[in-house]
Amino acid sequence: MPNFLSNIYNLNDKKVYLVEVAARGGGIRLSSDLIPLATGINISKMIAEYSLGEKTKIKEIKEGTAAWFAFSLEQGVITKIEGVRECLSIKGVHLINMTD
C-alpha cells in the first residue's frame, strides 16, 4: 500500500505525530470530475476507502471521454464575459468555471 501519511517521530518523547494525510487525487478536477465523467468511477470515494484499508471492487467501467480546457489569452484586460449560461446548455458540457 502506498504511503499516504506523512509523520514526524519525536526522539524526546518517542511518539509519532501525524503531519499530513495526503489521500487525494490529481488536481484541476481530474479525480473529482474528469475520471468519473469518463469512466463512471468515483475516484474520490475509492481513494478514501483505500486510505481506510478497504478494497474497492470496480464492477464496470463505462467507455467515455472527458477533457479539461484552458485558454491562453493575449495580455490585456478582460472587460466582458458573455455566453457562459448558453455554453452550459450544450450537451456534454459539465462545468464552466467563470461567470458572465
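In what follows, the structure referred to is the one given above.
Residues numbered from 1 in each chain as written. Predicted model: local features only at pLDDT ≥ 70, side-chain atom pairs only at ≥ 80, totals over all residues. Heavy atoms only, no water.

Regarding the side chain of Thr39
Then step 1. Its location among the elements puts Thr39 in helix α1 (residues 30–39).
Then step 2. Judged by relative accessible area, which is 19%, Thr39 ranks as buried.
Then step 3. Here Ile41 takes part through its backbone nitrogen, which lies 3.1 Å from a polar atom of the side chain of Thr39.
Then step 4. Look past the residues within four positions of Thr39 in its chain and what remains in contact with it is Glu60, Ile61 and Lys62. (Helix = DSSP H or I, 4+ residues; strand = E, 2+ residues; numbered from the N terminus. Buried < 20%, exposed > 50% of the residue type's maximum accessible area, 1.4 Å probe, protein only. Polar contact = N/O pair within 3.5 Å; in protein donor to acceptor, adjacent residues only side chain to side chain. Contact = heavy atoms within 4.5 Å.)

Structural notes on the side chain of Glu49
Then step 1. In this fold, Glu49 is placed in helix α2 (residues 43–51).
Then step 2. Contacts of Glu49, omitting those with residues within four sequence positions, involve Glu54 and Thr56.

Description of the environment of Ile35
Then step 1. Structurally, the position occupied by Ile35 is in helix α1.
Then step 2. By relative accessible area, Ile35 is classed as partly exposed at 26%.
Then step 3. Look past the residues within four positions of Ile35 in its chain and what remains in contact with it is Leu30, Gly40, Ile41 and Ile43.

Some remarks on the pattern of salt bridges
Pairing is possible between side chains of opposite charge, provided their charged atoms come close.
Then step 1. Inspection of every chain in the model, using the stated rule, returns three salt bridges.
Then step 2. Across the pair Asp33 and Arg29 runs a salt bridge, and its minimum N-O distance is 3.9 Å.
Then step 3. Exposure remark for Asp33: the relative accessible area of 12% places this residue in the buried category.
Then step 4. Across the pair Glu82 and Lys80 runs a salt bridge whose closest N-O atoms are separated by 2.9 Å.
Then step 5. Of the residues examined, Glu82 reaches a relative accessible area of 62% and is grouped as exposed.
Then step 6. Residue Lys80 is classed as exposed on the basis of its relative accessible area of 60%. (Salt bridge = Lys/Arg side-chain N within 4 Å of Asp/Glu carboxyl O.)

Read these as spatial facts, not as claims about activity.
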